[in-house]
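Descriptive analysis of the structure
Okay, here's what each chain looks like letter by letter:
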Amino acid sequence: MSVNITEYNSKNKPTWCPGCGNFAIHTALKKALSELDISPSQAYISFDIGCNGNGADKINIYGFKGLHGRAIPLAIGAHLANRKYTVFADIGDGGCLHEGLDHLLHAIRANYNITILIHNNQNFALTTGQATATTQQGKEMYGLPDGKPERDINIGDLVLTMNPSFYAKAYSGDPLQLSEILKKAVTHKGCSVIEIMQICPTYNRECTPQWFKEHIKVIDKTANTIENARTFVKTEDETIYTGIIYQNTTIPTFYDRLENRKDIPTELVDEVKNYDISKLLKNFE
Amino acid sequence: MNNRFSIKFGGESGQGINTLGKLLSKAIKDSGYKIFAYREYPSLIRGGVASYQIDFSNKEICSSTRSSQILAVLDEDSLHEYIKTISPNGLLIYDDKDVAFTVEEDTFISENNISKIYLDTKQIAIQAGGDEIMSNVAMLAFIWKTVDLDLNTLQKTVLEYFAKKDVDLKKEEAVLKAGFNTPTYRPEFKQELPSKSIFPTKTIIMSGNDGISLGLISGGVRAYYAYPMTPATSILKYLGTTYKETGILIKQAENEITAAQLALGSMSMGTRAVTATSGGGFDLMLESISCAGISETPFVVILSQRAGAGTGVPTWTGAGDLYTAVKGGHGEFPRCVISLSNAEDSYTLIQSALNIADQYQLPVIVLTEKQISESLFSLNKLPKVLPIERGIKEEKENRYEITENGISSRWIPNENSKPYISTSDEHIEDGTSTENSQEILKMTEKRSRKMETLKDNLPEPTYYGNSQAKKIFVGWGSSKNVILDIINNTDTNIGYLHYEYIYPLKTEKLEELINNDKELVLIESNQTGELGKLIKEETGYEFKEKLLKFDGRPFFVEDILDFLK
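Quick caveat: nothing in here was measured; it's all calculated off a predicted structure. (Residues numbered from 1 in each chain as written. Chains lettered and ligands numbered in written order. Predicted model: local features only at pLDDT ≥ 70, side-chain atom pairs only at ≥ 80, totals over all residues.)

Right, let's talk about the overall build of chain B for a bit. Across its full length, chain B holds 20 helices and 21 strands. By the compact-globule yardstick of 24 Å for 565 residues, chain B fits well, its C-alpha radius of gyration being 26 Å. For the C-alpha atoms alone, the extent of chain B along its principal axes is close to 85 × 55 × 40 Å. The 565 residues of chain B split such that 54% are buried. In chain B, the proportion of contacts linking residues at least 24 apart, taken out of those at least 6 apart, comes to 74%. (Helix = DSSP H or I, 4+ residues; strand = E, 2+ residues; numbered from the N terminus. Rg over C-alpha atoms; globule rule 2.2 N^0.38 Å. Buried ≥ 20, exposed ≤ 12 C-beta atoms within 10 Å, placed from the backbone. Contact = placed C-beta atoms within 7 Å.)

Structural data, given as structure tokens:
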């Protein structure tokens, strides 16, 4: 029995622009949770600040809308406290690659068992269209009539450099595929990074649904090496490969590497009580 | 003050004076004295000038004198740095025969009748069949001889310590005896010690950070997140080295922002998690603290202060972050600020901080100082553990329900409960973000009512000393220790009002003193008198007399005595 998808709906109406990719991303997330039979009370999502974060009160699961750039460590803190929860960090390309880039790298390196959704709409949309590290070169942006003077960050290339355990790329215009990827990411034991190419009809008008349709190619098979995976993210032309680009199930999670937690069956949330310190006190005599 | 005695080691960082200091502290404690040990050291790994001073008495003491009866130095630089701190008739022991004394130093030595003792510790160690590296033990034993204490006590301490290391205990023992019995010793070196304490010898010695760590363990903290920063770092060390016994999850975060966010996430999920840092790291955490305030997420951070702005003087003490703790962070949000003063109250107050954070759903900032964090205090035993009070209530329709006392129901996420969103957006009762003027007012006013409730429930500051005293010091943090040493060990007639709970500020007791025409003296380890400013803001009272110290050093006993002259 799966959970009825309407149970994830909140009473609040979305406030995104017509045609925004966030509608489909939310639907895909709800669909994945429903099909995995994870109830609204069994999931926790931390939202960044940005258009994606405006979805925080639009979904009925446990969550925290925190600070810009900090969705990842907030989610990790929640995950470490109670691993029974399915935990997501939901963040845009601005917050993820700019304000909080350190968190992404260290999360992958530690391999916490959470799922990170990077909404890549190629700009800071909520602050009305500033350039990010994924904005097209030469494109006029807020305060930048000649485009950004820096080079780009290729999210896939960056993530693969960190030797991740799970990296997928999806597209907001294909929520069914995203939903399938989400299910795999949630069941993957480790840090799952999903980069979602997201339509932004207001500040990224160049990348219309038609444009994406012409450039997206769904991969047949997940790469078995980082090197092979890289061929999907570093393309000569503008082809965008989607699907589970790379997965490695042999990397232990952060928690599994904690020597002192190995034989403890409970979660940190279950363990808050007074502890006897008399044994430890002997060392101070 | 003749019921106290002080021994100081001086040397370069890395020469082992910490080990010497710890061993001597323990042996003196086991001989029946109360000790207080204070360290000075530079922010580098090798070289510079460092010291380890042990003050001891037959009564409780918790501060240092500026001067010491015995100075033992392992290098020339520390000799020049500390020679003027030797008391009249005291001893200077040094192990480098090439040391060049200045004319001024020679005059100081003769004018104060100081015995200048060259001790060839290497020679003693080697002749006794030991290794050169054991020469510090010879130094220790020689000092022990000059204070005429039982060699067995020292021997037990030293051998117990080295039994944990990969060294030849027979050799250590031989060097120890040789140092004690060396012919360099002459009867006129003998120092008069205060009579021994009647206290049981089974007291404990611990630092303020040890007290915090044990309080965190007792108080049910299950995750500790931190980025290294002196003088908070030793909490990470203690909790890390005991993590198998406690099961606490330890994570050294990539920076202080991460540490704060991890703690916030864990607290929102319902466990108890804590982070600690010093000023710079605390600044980085302020946005997260503001976020904890508006989202009403319990949060506890330990701010161990050091001297100066920017990087300042990283390994020296100060208390210049009270204003940051009380006022830092954007927007207006409820918070609680608590100040520690010694190992004992570190243990208790950190548990209280956890309870307040949980019950009132707000950030609690716990102030300590290098002087408290890293000094060693002796105590008979730790106070009783505080019962855990989480204030978690039954599930309601809305997480942010508007209530009279400002406290809403908060339930720990579980699969049978109604999910809710915690949010740093201004919000209505169910967590939905809002920009509506009436709704903004309703929720911000609800949160500020928590501060009234908290203030009503916090204790007034504690008064120490004779209630009839005319001159009364008012302070917080480590200032308490030096004043208590004066109150308890001299016939000086002063009082002291100590603020443990700094914010929200309780003023009833203080105003009573003001109205009774007491001569109030503000004492703080900072330049501008931050508690004084806060008191003025809340009561309009301005301190006429202030004793402020901000040179990286703690208040020494002499600072207070000179002030009172």
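Structure's up, so let's keep going.
Glancing now at the sheet that holds strand β21 (residues 545–548) of chain B. Residue and element names in this part refer to chain B. Taken in spatial order, the five strands make up an open sheet running β16-β18-β17-β20-β21, and their pairing is mixed. Edge positions in the sheet fall to β16 (462–465) and β21, since each has one partner strand and no second. Strand after strand, the sheet turns through a mean of 25° between neighbouring axes, direction not considered. Running over the sheet, helix α18 (residues 508–515) touches β16, β17 (471–476), β18 (494–499) and β20 (519–524) and is turned about 150° from β18. (Pairing = 2+ DSSP bridges. Axes fitted to C-alpha atoms, helices over the stretch in contact; angles between N-to-C directions.)

Counting residues at the interface gives 56 residues for chain B and 47 residues for chain A. Elements supplying a minimum of two residues to the side of chain B that touches chain A: β7 (204–207), α8 (208–218), α10 (243–246), α11 (256–269), α12 (279–295) and β15 (421–423) of chain B. At 10 residues, the largest contribution of residues to the side of chain B that touches chain A is made by α11 of chain B. Sheet topology note: the strand β2 (residues 62–65) of chain A/β15 of chain B ladder contains three bridges and is parallel. Within β15 of chain B, the residue paired with Gly63 of chain A across the bridge is Ile421 of chain B.

This next bit is on the nonpolar core. Counting 235 residues, the largest nonpolar core has Ile116 of chain A together with Val364 and Val366 of chain B as the members making the most contacts within it. The greatest single-element share of this core, amounting to nine residues, is contributed by helix α14 (residues 343–360) of chain B. If sequence neighbours within four positions are ignored, Val366 of chain B has contacts with Val300, Ile302, Leu303, Ile338, Leu340, Leu349, Ile350 and Ala353 of chain B. Cys20, Cys51, Phe124 and Tyr203 of chain A belong to the second-largest nonpolar core, a separate cluster that totals seven residues. (Core = buried A, V, L, I, M, F, W, Y, C linked by C-beta atoms within 7 Å.)

Attention now moves to the environment of Ser31 of chain B. Structurally, Ser31 of chain B can be placed in the loop between α1 (17–30) and β2 (34–40). When sequence neighbours within four positions are dropped, the list of residues in contact with Ser31 of chain B reads Leu149, Asp150, Thr153 and Lys196 of chain B.

To continue, consider the sheet that holds strand β8 (residues 240–247) of chain A. As summarised here, the arrangement of the nine strands in space is β7(A)-β8(A)-β5(A)-β6(A)-β4(A)-β3(A)-β1(A)-β2(A)-β15(B), forming an open sheet in which the pairing is mixed. Looking at which strands have only one partner, the edges of the open sheet turn out to be β7 (216–218) of chain A together with β15 of chain B. Direction aside, the axes of adjacent strands within the sheet are offset by 20° on average. Inspection of the sheet shows strand β5 (residues 166–171) of chain A paired to strand β6 (residues 192–197) of chain A by six bridges, in the parallel sense. Paired with Tyr167 of chain A across the strands is Val193 of chain A, a residue of β6 of chain A. Strands β3 (86–92), β4 (115–120), β5, β6, β7 and β8 of chain A of the sheet are contacted by helix α6 (residues 175–187) of chain A, whose axis makes an angle of about 165° with β5 of chain A.

Turning to the domain arrangement of chain B, a few remarks are in order. Residue and element names in this part refer to chain B. Each assigned domain of chain B is listed here: domain 1 (4–202), domain 2 (205–379), domain 3 (392–458) and domain 4 (462–564). On a C-alpha basis, the centres of domain 1 and domain 4 stand 34 Å from each other. Each side of the interface is counted separately: domain 1 has nine residues, and domain 4 has 10 residues. When grouped by side-chain class, the residues that make up the side of domain 1 that touches domain 4 number two nonpolar, three polar and four charged. (Domains from an automatic or database assignment. Nonpolar A, V, L, I, M, F, W, Y, C, P; charged D, E, K, R; others polar.)

Further remarks concern helix α7 (residues 169–180) of chain B. Here α7 of chain B spans 16 Å end to end across 12 residues, near enough to the 16 Å set by a 1.5 Å rise per residue. Against the buried residues of α7 of chain B lie α4 (121–127), α5 (135–146) and α6 (151–163) of chain B. (Expected span 1.5 Å × (residues − 1).)

Moving on: the environment of Ile216 of chain A. Residue and element names in this part refer to chain A. Summarising the element assignment, Ile216 is placed in strand β7. Taking C-alpha positions, Ile216 is 4.7 Å from Ile240, a pair spaced 24 residues apart along the chain. Apart from the residues lying within four places of it in its own chain, the contact partners of Ile216 are Tyr171, Ile240 and Thr242.

This paragraph deals with the packing of α5 of chain B against α7 of chain B. All names here are of chain B. α7 packs onto α5 with a crossing angle of 40° between their chain directions and a minimal axis gap of 7 Å. Here α5 lies oblique to α7, going by the angle between them. Two packed elements cross with a definite hand, and for α5 against α7 that hand is right-handed. Residues Val137, Ala138, Met139, Leu140, Ala141, Phe142, Trp144 and Lys145 of α5 form the contact with α7, whose participating residues are Glu172, Val175, Leu176, Ala178, Gly179 and Phe180. (Parallel < 35°, antiparallel > 145°, perpendicular 65-115°, else oblique. Left-handed = near helix turned anticlockwise from the far one by under 90°.)

Residue and element names in this part refer to chain B. In terms of strand pairing, strand β5 (residues 86–94) meets strand β6 (residues 115–118) through four bridges, oriented parallel. Bridge pairing links Ile93 to Ile117 in β6. One crossover worth recording links β5 to the parallel β6 by way of helix α3 (residues 103–111), and it is right-handed. (Right-handed = clockwise from strand over helix to strand, strands pointing away.)

Turning to the environment of Glu332 of chain B, a few remarks are in order. Residues and elements named next belong to chain B. Within the secondary structure, Glu332 sits in the loop between α13 (322–327) and β12 (336–339). Judged by the 13 C-beta atoms lying within 10 Å of it, Glu332 falls in the partly exposed class. With 39 residues separating them in the primary sequence, Glu332 and Gly293 have C-alpha atoms 8.4 Å apart.

Before going further, it helps to spend a moment on the confidence of the model for chain B. Of the residues in chain B, 99% reach a pLDDT of 70 or more, and the chain-wide mean stands at 96. Scoring the predicted complex yields pTM 0.97 and, for the interface, ipTM 0.98. (pLDDT = per-residue confidence, 0-100.)

Our focus in this paragraph is unusual backbone geometry. Pro231 of chain B follows Thr230 of chain B through a cis peptide bond whose omega is 0°. For Pro231 of chain B, the position within the fold is in the loop between β8 (223–226) and α9 (233–241). Cis rather than trans, the peptide bond between Tyr503 of chain B and Pro504 of chain B has omega equal to 0°. With respect to the helices and strands, the residue Pro504 of chain B is situated in the loop between β19 (501–503) and α18. Even without a glycine there, the phi angle at Asn111 of chain A is positive, about 60°. By secondary structure assignment, the location of Asn111 of chain A is in the loop between α4 (101–110) and β4.

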